[in-house]
Structures are given as structure tokens and as C-alpha cells.
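Chain by chain, the residues:
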Amino acid sequence: MPLGLGRRKKASPLVENEEAEPIRAGLNVPGMDGLDGGGLGLGEGTTQEGLPPPPTSLRPRLIFHTQLAHGSPTGRIEGFSNVRELYTKIGEAFGIAPPEVMFCTLNTHKVDMDKLLGGQIGLEDFIFAHIKGQRKEVEVFKGEDALGLTITDNGAGYAFIKRIREGSVVHQIQVINVGDMIESINGHSLIGCRHYEVAKMLKELPKGKDFILKMVEPLKAFDMISQRSGGARAGSGTQLGTGKGTLRLRSKGPATVEELPSAFEEKAIEKVDDLLESYMGIRDSELAATMVELGKDKKNPDEFAEALDETLGDFAFPDEFVFDVWGAIGDAKVGRL
């Protein structure tokens, strides 16, 4: 509706004596030889309208290598189409319950939010799984309107801290760190909540009052114990894979091998992700990519708003945010970003 109106067989999965090396992605699919620049994504979406998913025998067989971030042998995983299935495969490889996996990073074992696994995995990326570590309870005094937190989620029911703004209320509390999963606020469980729901709840907490955060931090290796933020834009992890080719994970339908984002898409996605943080206190590159995909071919902001309502209506984006996103996509098209 127009803007301005109210809207709504297997080998062992562990490789005992293998070094952490780039993924060997076995694409035994006709016509996919020499694939360069495609990828796999774990996001929301469906298969192309009118076309059923290909039979299992004709789908690409993609094998990824993984380790537990705090240290483990190398495991091999395959046959997943979304984040929940990925966590299940990781659990099977290492003999742990899938809910123990908090989030994954690509090509680094550190809690580096710029390497967070989102909706896409490069075909040569190495997956590090961060599992639950120490639980902690913190009493926080909300002395300002903004706490200084940016929230994201893992797509499987856990919301966690992606950034802590320097000098903010939370920045003064040393026991709260980037990567901490927010388990509850004042006794209200947040398991199963999306990032925007958690950010809204934190924003609505009354100023001048104390509140209780229960959190779980990721289990850390010895060289990560002193780490505090890990939220800087510059990457610091060792690059084990080039990421050529992308697997896109989907909540509905099979995962698909896709081309890497174009320069326009990369710029637009980054800007939309910045707008999500500014307006809603969240970062979600897959959500940003979905918005760019919805908007790049629309002729005007009203068409874009209708597409957002149809696909992402649960977010109830304000009109001013939609206008800014439309402008960011347009600026990226003409190279103004």
C-alpha cells in the first residue's frame, strides 16, 4: 500500500590429523564445473516461482570443514539448507546438542562480528562454531535512553550482542561482551525472539531504573579470554578460505549456489545494514540483502513499500526508514555511496 498509510553412507565426520584447510566443495553437478563467484546462503526465501526443487540426486554436493571455536578436531558437514540444519550437522559431527551452538564465524575462531555467518557461506569458507560457555547475571542501571548495544541473532532463536558503543552505559560494565547471548531481561525469557524484538524491549526499559540481564558467553579458547569487544569493522581473523562461490541458506526451500553480490549490491547492503542499526538497534546483513533484492528493480518508493509489506510485514518498518532505504539503494545504483 502507498507510503503514509498504516502498514503491517558417510565417512567419519571428524578428521583427526588434518590441518585446518580451505573447504573442498565437491560440486558433482553437470554444468557447474568451473564455478567461480557463486555462493550458498542461509536466509529466508523460496525456490523460483513455478519450479519445483531439483531432485536430491541432481543437487550439488557441498562439503564444508568445521571446528569448535574453542578448539577441536576438524569435522566435515554437508546436506544442510538453513541455520538450524547447519547447527544440527555441527552437533552430529562433535557429539553435542544443537542448541549448544550459539553462532558461527567464517575463517576465524575469534568472536569477530564482521566474520559472523549470516545468510551466505562461501564455498571455500571454513566454519567455526561457538558454543555456550559461562552463564552470568548482571544488574544494569539505565542512566541514559540508549544503552549502546547493537543486537543481532543467529536465525535459530538466540539474540546476542553484536556491538557495544564506546562510552555507553553498557561499555562501562566490563563483564558484558560482544558475543554474549541475551537469555532473559528481568526474568522474561528471550529464547526464540528475533533481534528487533530484543532491541525494542531494551529500548522500552524505563530510564533511571535497574534491570537484570541474564546472559551466556561463548566458550573461549585460551587466546580469546581477554577479548572484550571484537566489533570493529576491520577483520582480524586468519583467512583460511577465499570464499569464491556462495551457498545461500534458506528457511524455506533448498539452499542454492548463487553468484557473489555485485559491487552495487555490496554497497547497498552495507548502507541498509547501517540504517537498520541506526533506526532499530540491530544488524542483519541477510535482512539488508533481502531489502536490497526487493528494492533494486522497483520504480518508485510506493512499489518498494508494498514489496516490504508483503515479504517483511512483521517488522512494521516506519515510513521514514523505508524512504531512507529506498534512497540508499538508489544512491548505490548511481555510485554515490
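By the naming in an unreviewed UniProt entry, the chain is GIPC PDZ domain containing family, member 1, taken from Hucho hucho. The heading Sequence similarities (unreviewed entry) in the UniProt record of the chain holds the text "Belongs to the GIPC family."

A. Region of interest: the overall build of the chain. A count of helices and strands for the chain gives 6 helices and 14 strands. The 337 residues of the chain split such that 49% are buried.

B. Region of interest: the packing of aromatic side chains. Overall, the coordinates contain 8 aromatic pairs when judged by the stated rule. Between Phe64 and Phe80, the ring centres sit 5.7 Å apart and the planes meet at 50°, which makes this aromatic pair tilted. In this pair, Phe64 sits in strand S3 (residues 64–68) while Phe80 sits in the loop between strand S4 (74–77) and helix H1 (83–94), placing the two residues 16 residues apart along the sequence. Taking relative accessible area as the criterion, Phe80 reaches 6% and is therefore assigned buried. Here the aromatic cluster, defined as three or more aromatic residues joined through ring pairs, consists of Tyr196, Tyr279, Phe315, Phe317 and Phe321.

C. Structural detail: the environment of Val140. Along the polypeptide, Val140 turns up in strand S7 (residues 127–141). With residues up to four places along the chain from it excluded, the contact list for Val140 reads Val169, Ile173, Ile176, Lys209, Asp210, Phe211 and Leu213.

D. Layout of helix H4 (residues 285–295). Among the 11 residues that make up H4, 9 are buried, leaving the element largely enclosed by the rest of the structure. Regarding H4, the residues found buried are Glu286, Leu287, Ala288, Ala289, Thr290, Met291, Val292, Leu294 and Gly295. You can read the cap of H4 off the contacts: a side-chain oxygen lies 3.1 Å from the backbone nitrogen of Glu286, and it is on Asp284.

E. Geometry of the environment of Leu308. Residue position: Leu308 is located in helix H5 (residues 301–312). Residues Leu308 and Val322, 14 residues apart in the sequence, show an inter-C-alpha distance of 8.7 Å. Leave out the neighbours within four places in its chain, and Leu308 touches Met291, Leu294, Gly313, Phe317 and Val322.

F. Molecular detail of the nonpolar core. If you look at the biggest cluster of nonpolar residues, it comprises 82 residues, and the most contacted ones within it are Ile90, Ile127, Ile176, Leu202, Met291 and Phe317. Sort the elements by how many residues they give to this core and helix H3 (residues 263–280) lands first, with 7 residues. Domain assignment of the residues forming this core places at least three in each of domain 1 (63–218) and domain 2 (261–334). Here Ile127 is in contact with Phe64, His65, Thr66, Gln67, Ile77, Leu86, Ile90, Cys104, Thr105, Leu106, Leu117 and Ile121, once residues within four sequence places are set aside.

G. Summary view of the confidence of the model for the chain. Per-residue confidence for the chain gives a mean pLDDT of 78, with 70% of residues at or over 70. Contacts of residues 4–10 to residues separated by more than four positions or lying in other chains number 18 contacts, the stretch itself having pLDDT below 50. Contacts of residues 16–39 to residues separated by more than four positions or lying in other chains number 72 contacts, the stretch itself having pLDDT below 50.

H. How the structure looks around the pattern of salt bridges. One pass over the structure, following the stated rule, counts 14 salt bridges. Between Arg194 and Asp153 there is a salt bridge, and its shortest N-O distance comes to 2.7 Å. One end of the pair, Arg194, is in the loop between strand S11 (188–189) and helix H2 (195–204); the other, Asp153, is in strand S8 (residues 149–153), and 41 residues separate them in sequence. Residues joined in a network through salt bridges with shared partners are Arg163, Asp273, Asp274, Glu277 and Arg283.

I. Inspection of the pairing of strand S10 (residues 181–185) at higher detail. S10 sits mainly inside the fold: 5 of its 5 residues count as buried. Here S10 runs beside strand S12 (residues 210–218); their pairing, made up of 4 bridges, is antiparallel. Of the residues in S12, the one forming a bridge with Ile185 is Leu213. In this sheet, S11 lies alongside S10 in antiparallel orientation, the contact comprising 2 bridges. Counterpart to Ser184 in the pairing with S11 is Ser189. Hairpin geometry of S10 and S11 is characterised by an intervening segment of 2 residues between the two adjacent antiparallel strands and by a positive phi of about 50° at Asn186.

Thresholds, definitions, all that
Residues numbered from 1 in each chain as written. Predicted model: local features only at pLDDT ≥ 70, side-chain atom pairs only at ≥ 80, totals over all residues. Heavy atoms only, no water. UniProt positions renumbered as here; feature names shortened; annotations may be inferred. Helix = DSSP H or I, 4+ residues; strand = E, 2+ residues; numbered from the N terminus. Buried < 20%, exposed > 50% of the residue type's maximum accessible area, 1.4 Å probe, protein only. Phe/Tyr/Trp six-rings, centres within 6.5 Å; stacked < 30°, edge-to-face > 60°. Contact = heavy atoms within 4.5 Å. Polar contact = N/O pair within 3.5 Å; in protein donor to acceptor, adjacent residues only side chain to side chain. Core = buried A, V, L, I, M, F, W, Y, C linked by side-chain atoms within 4.5 Å. Domains from an automatic or database assignment. pLDDT = per-residue confidence, 0-100. Salt bridge = Lys/Arg side-chain N within 4 Å of Asp/Glu carboxyl O. Pairing = 2+ DSSP bridges.

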